[in-house]
Amino acid sequence: MPLNILIVGAGIAGPALAILLQKADPNSKITIVERYSSLRTAGQQIDLKTQGVEILQKMGLMDTMKSHCVNETGLEILDTSGKQLALFGINPSGEKRLTLTSECEIMRGDAVEILYEASLKQNAALKEERAGKGELVYEFNKTITDLTQHDDGVDVTFSDGQKKQFDLVVAADGQGSRTRRMAFGQEANDAAFKSLGVHAAYYSIPRIQGEGGLAKAYSAPGRRLVITRTSGRPMTQVLLFTMGDREKLRKVYKEPVEKQKEAFAEAYRGAGWETERLLSGMATCTDFYAHEVGQIRMDQLYKGRVVLLGDAAYCPSPFTGMGITCCLIGAYVLAGELARHGNDVSRALKGYEEIARPPINDYQDLQTKFLGNFFPSSQLGIWVLRKLLWVVSKVEPITYRPRAEENQGWKVPEYPELKLQS
Ligand SMILES: Cc1cc2nc3c(=O)[nH]c(=O)nc-3n(C[C@H](O)[C@H](O)[C@H](O)COP(=O)(O)OP(=O)(O)OC[C@H]3O[C@@H](n4cnc5c(N)ncnc54)[C@H](O)[C@@H]3O)c2cc1C
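All of these numbers come straight from a predicted model, not from anything done at the bench. (Residues numbered from 1 in each chain as written. Predicted model: local features only at pLDDT ≥ 70, side-chain atom pairs only at ≥ 80, totals over all residues. Heavy atoms only, no water.)

Visitor: I tried to follow the sheet that holds strand β9 (residues 135-140) on my own but got confused; where do I start?
Guide: Strands pair in a sheet through their backbones, by hydrogen bonds, and they do so in one of two ways: parallel or antiparallel. Pairing in this open sheet of six strands is mixed, and the strands run β9-β2-β1-β13-β20-β19 from one edge to the other. Both outer strands of the open sheet, β9 and β19 (302-303), are each paired with one neighbouring strand and no more. Sheet topology places strand β1 (residues 4-8) next to strand β13 (residues 168-171); four bridges connect them, and they run parallel. Paired with V8 across the bridge in β13 is A171. Against the sheet, helix α1 (residues 13-24) touches β1, β2 (29-34), β9 and β13, its axis set at about 170 degrees to β2. (Pairing = 2+ DSSP bridges. Helix = DSSP H or I, 4+ residues; strand = E, 2+ residues; numbered from the N terminus. Contact = heavy atoms within 4.5 Å. Axes fitted to C-alpha atoms, helices over the stretch in contact; angles between N-to-C directions.)

Below, the structure written as structure tokens:
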């Protein structure tokens, strides 16, 4: 029996799942609701690597993604005067080199748009085959306000007052998922967020001369890190990470964006290097996004007929560079298990939990106890960190050994039922 599925959130995970679901079963009905009035295309460079690349290849989307990849050539560590102190190169896909830059990185907004467009293109292409049965519909400016589960479905109330029943509800509404809270309760929801003690802001400002392919990283006293990335694009991405001012920043995310900007401007005042220019760019930027960096760790990925996907389920944090890979693993396995079990929701969700869990646990395994070392509070601490980074930048290229072919980690399972490229 084809399923009537609701996906909450049109970021990365939601549209990726829709593509896989409608290909496997063109007669399924898929509705995606997005809280904002259009796609949210804010966000900076995100990594495409390991199993994420393999799954995009199977979906026939890797070439399009690749054509949008940015052109970052490495990372340089700078001092207050902008002098280069250390240089790191590129990390080839599938390897674990010590650097910020992956072989293939894409602007988050480009990835969101590619997946959205591909899902609509496929929807149009399947029209004849479906004979009016299945469809994919996006509804913007809409969210859910209530859900009630019973044995054979989930009753959903939407923000416009509409009520509908679905066979399966997928929470793909990101790190702060409200669907997760509705399905699992406030307590489990609050316990799922594991803060890494770092606050981050991301935004773009006009590029200036001298900003080329190399990312730049600068540490300032007061546990502040500044990264800029231009990657051959007309705009420069600014990433502010701080372990200072934590109590103040934690409270600000519920405030309007202008207040968030003010809080970060205050936290970075007098940090040195080019931060005054970066802060004045922040005042007028239109794509500011800030959050407390953390991971989402849920004991179970589904409850009844509500299933968590992507950041809502297992946000690994931007420090791992595995956010999009985890989304794609989740979407692929969930769609694959539904197809394999003939749309038997309960067996499919059990399979999803069992199969997707090991790689996700692996990618969430962050050595957080060392994180504080990258955020020294004193000038002396910064001096030590810079010396250490210089040593690592010299020693790592000569001592690095690629992993053997047979030790490349979790193998993407084959699902012939998904009718993808092998
Ligand atoms: C604006 C933005 C900027 C980001 N910038 C970066 C970045 O610079 N670097 C980085 O590593 N990661 C960034 N991320 C996170 C990154 O996108 C995720 O780690 C990863 O891609 C997982 O994708 P996802 O689809 O699970 O979640 P997300 O990409 O977060 O998408 C979730 C979607 O759900 C929508 N949504 C949220 N709540 C509701 C609701 N109640 N009802 C309906 N829809 C809802 C959101 O508007 C969004 O479109 C950003 C996320 C967002 C939303």
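Visitor: So what exactly am I meant to see when it comes to the environment of D146 here?
Guide: Relative to the helices and strands, D146 is located in strand β10 (residues 144-150). Given the relative accessible area of 37%, D146 is considered partly exposed. When the C-alpha atoms of D146 and M182 are compared, they prove to be 7.0 Å apart, with 36 residues separating the residues in sequence. In this structure D146 touches D155, V156, T157 and M182, once residues within four positions along its chain are discounted. (Buried < 20%, exposed > 50% of the residue type's maximum accessible area, 1.4 Å probe, protein only.)

Visitor: In this structure, what is going on with the packing of helix α12 (residues 323-340) against helix α13 (residues 345-364)? I would like to understand it.
Guide: Any two packed helices are characterised by how steeply their axes cross, that is the angle between the axes, and by the distance between the axes. Taken N-terminus to C-terminus, the directions of α12 and α13 make an angle of 155 degrees; their axes are 8 Å apart at the nearest point. Accordingly, the angle class assigned to the pair α12 and α13 is roughly antiparallel. Crossing geometry of α12 relative to α13 is assigned as right-handed. Contact with α12, carried on its side by T325, C326, I329, G330, V333, L334, E337 and L338, involves V345, A348, L349, G351, Y352, I355, A356, P359, I360 and Y363 of α13 and no other residues of that element. In the contact of α12 with α13, the residues fall into 14 nonpolar, three polar and one charged. (Parallel < 35°, antiparallel > 145°, perpendicular 65-115°, else oblique. Left-handed = near helix turned anticlockwise from the far one by under 90°. Nonpolar A, V, L, I, M, F, W, Y, C, P; charged D, E, K, R; others polar.)

Visitor: I keep staring at the site of the ligand and nothing clicks. Help me out?
Guide: Surveying the vicinity of the ligand reveals 27 residues, the closest of which are E34, Q44, R108, T143 and D311. Within the side chain of E34, an N or O atom sits 2.7 Å from an oxygen atom of the ligand. Contact distances for the ligand include 2.7 Å between an oxygen atom and a side-chain N or O atom of R108. For the ligand, whose unbound accessible area comes to 920 Å², protein coverage reaches 93%. (Near = heavy atom within 4 Å. Polar contact = N/O pair within 3.5 Å; in protein donor to acceptor, adjacent residues only side chain to side chain. Areas by Shrake-Rupley, 256 points an atom, 1.4 Å probe, with all protein chains shown as cover.)

Visitor: How should the pattern of salt bridges be read in this particular structure?
Guide: Any two side chains of opposite charge can pair, on the condition that their charged atoms come close. Applying the stated criterion across every chain, the model contains 18 salt bridges. R250 is the salt-bridge partner of E292, the closest N and O atoms lying 3.2 Å from each other. On the criterion of sequence distance, the pair formed by E292 in strand β18 (residues 289-296) and R250 in helix α8 (residues 246-252) is long-range, its members being 42 residues apart. By relative accessible area, E292 is classed as buried at 11%. Linking E258 and K261 is a salt bridge whose minimum nitrogen-to-oxygen distance equals 4.0 Å. Of the two residues, E258 and K261 both sit in helix α9 (residues 257-268), three residues apart, roughly one turn of that helix. Taken together, the shared-partner salt bridges connect E72, E105 and R229 into one network. (Salt bridge = Lys/Arg side-chain N within 4 Å of Asp/Glu carboxyl O.)

Functional significance is not addressed by these values, which are geometric in nature.
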